[in-house]
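Now for the letters of each chain:
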Amino acid sequence: VAEIGLDFVDGHRFVVSAGREIGLGDLRGGEPRRLHTAPPGHRVGDLSTTRDGRWIQLMFLDPERYWPGLCQRIGRSQWLDDPRYRDLDSRIEHGDALIGELVTAFKGEDLAHWHSAFAGWDAPWEVVQTMREVTQDPQALANDYLFKVKVQDGTEVTLVAGPVAFNGSAVP
């Protein structure tokens, strides 16, 4: 599970962090601006920034099960026979090299390519939505995960509902 943090700078600007990414957003609209990317760790899910700056989240709780499919879908089938990457222990031992190669692979293509490459794959992956996409997500809307509120200057903004429901509703 990725860590997500949100800190308000003032009444409408905020700093958001998701895993290694830190950005500055504005409740009045627009997408957050990426401020910083921390050094990558050894988790495959941290490596999925595409050439066009989008993210794909991979959540391989059973990495052996999904390794062959990942290698095939990113065009690196030769890794299945590479002694550095043939099993989990080898991938951990050679993690820095593997991470570098995975970063290169993901950054080599746009999101549209990866979406097509991963389509139909029985693995836990998903495109990380932008804030604008989340506010228009059919499931989020249908499940009342979002609500609108007017801020002090009268601007209407969309917020995420709380995780607890009172009287059947998480919306205030």
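Residues numbered from 1 in each chain as written. Predicted model: local features only at pLDDT ≥ 70, side-chain atom pairs only at ≥ 80, totals over all residues. Heavy atoms only, no water.

(A) View of helix H3 (residues 95-107). Here H3 contains 13 residues, and its C-alpha end-to-end distance of 18 Å stays within 8% of the 18 Å for a straight helix at 1.5 Å per residue. All of the buried residues along H3 are Gly-95, Leu-98, Ile-99, Leu-102, Ala-105 and Phe-106. The buried residues of H3 occupy an angular sector of 125° when projected down its axis, which confines them to one face. Projecting away from the buried face of H3 at angles above 90 degrees are the exposed residues Asp-96 and Thr-104. Packing partners of the buried residues in H3 comprise strand E5 (55-58), helix H1 (63-73), helix H2 (88-93) and helix H4 (111-118). (Helix = DSSP H or I, 4+ residues; strand = E, 2+ residues; numbered from the N terminus. Expected span 1.5 Å × (residues − 1). Buried < 20%, exposed > 50% of the residue type's maximum accessible area, 1.4 Å probe, protein only. Arc of directions from axis to C-beta. Contact = heavy atoms within 4.5 Å.)

(B) Region of the structure containing H4. All buried positions along H4 are accounted for by Leu-111, Trp-114 and Phe-118. Along the long axis of H4, the arc covered by the buried residues comes to 65°, so they all point the same way. Exposed residues on H4 whose side chains face more than 90 degrees from its buried face are Ala-112 and Ser-116. Buried residues along H4 sit in contact with E5, H1, H3 and strand E6 (125-128). Looking one or two residues past H4, Gly-120 carries a phi angle of roughly 80°, positive in sign.

(C) Molecular detail of the pattern of salt bridges. Under the criterion given, the structure shown has 6 salt bridges. Ionic pairing is found between Arg-65 and Asp-122, a salt bridge with its closest N-O pair at 3.4 Å. Of this pair, Arg-65 sits in helix H1 while Asp-122 sits in the loop between H4 and E6, placing them 57 residues apart in sequence. For the residue pair Arg-65 and Asp-122, the accessibility class agrees, reading exposed in each case. Measuring nitrogen to oxygen at the nearest pair gives 3.5 Å for the salt bridge that ties Glu-101 to Arg-84. Linking Glu-101 in helix H3 with Arg-84 in the loop between H1 and H2, this pair joins segments that are 17 residues apart in sequence. Judged by its relative accessible area of 29%, Arg-84 falls in the partly exposed class. (Salt bridge = Lys/Arg side-chain N within 4 Å of Asp/Glu carboxyl O.)

(D) Broad picture of the nonpolar core. Of all hydrophobic cores here, the largest spans 21 residues; its most connected members are Leu-70, Ile-74 and Phe-118. For this core, the secondary-structure elements that each account for two or more residues are E5, H1, H3, H4 and E6. Leaving out residues up to four positions away in the same chain, Phe-118 has contacts with Ile-56, Leu-58, Leu-70, Arg-73, Ile-74, Phe-106 and Trp-125. (Core = buried A, V, L, I, M, F, W, Y, C linked by side-chain atoms within 4.5 Å.)

(E) The arrangement of the packing of aromatic side chains in detail. Under the defined criterion, the tally for this structure stands at 9 aromatic pairs. Relative to Trp-79, the ring of Trp-67 has its centre 6.0 Å away and its plane inclined at 10°; by these criteria the two rings are stacked. Taken together, the positions of Trp-67 in helix H1 and Trp-79 in the loop between H1 and H2 put the pair 12 residues apart, joining distant regions of the chain. On the basis of relative accessibility, which here comes to 2%, the residue Trp-79 falls in the buried class. Centre to centre, the rings of Phe-106 and Phe-118 are 6.3 Å apart; their planes meet at 70°, and the pair counts as edge-to-face. Here Phe-118 lies in helix H4 and Phe-106 lies in helix H3, a separation of 12 residues in the sequence. You can call Phe-106 buried: its relative accessible area is 0%. By the ring-pair criterion, three or more aromatic residues cluster together here, those being Phe-60, Tyr-66, Phe-106, Trp-114, Phe-118, Trp-121 and Trp-125. (Phe/Tyr/Trp six-rings, centres within 6.5 Å; stacked < 30°, edge-to-face > 60°.)

Function cannot be inferred from these measures alone, as they are strictly geometric.
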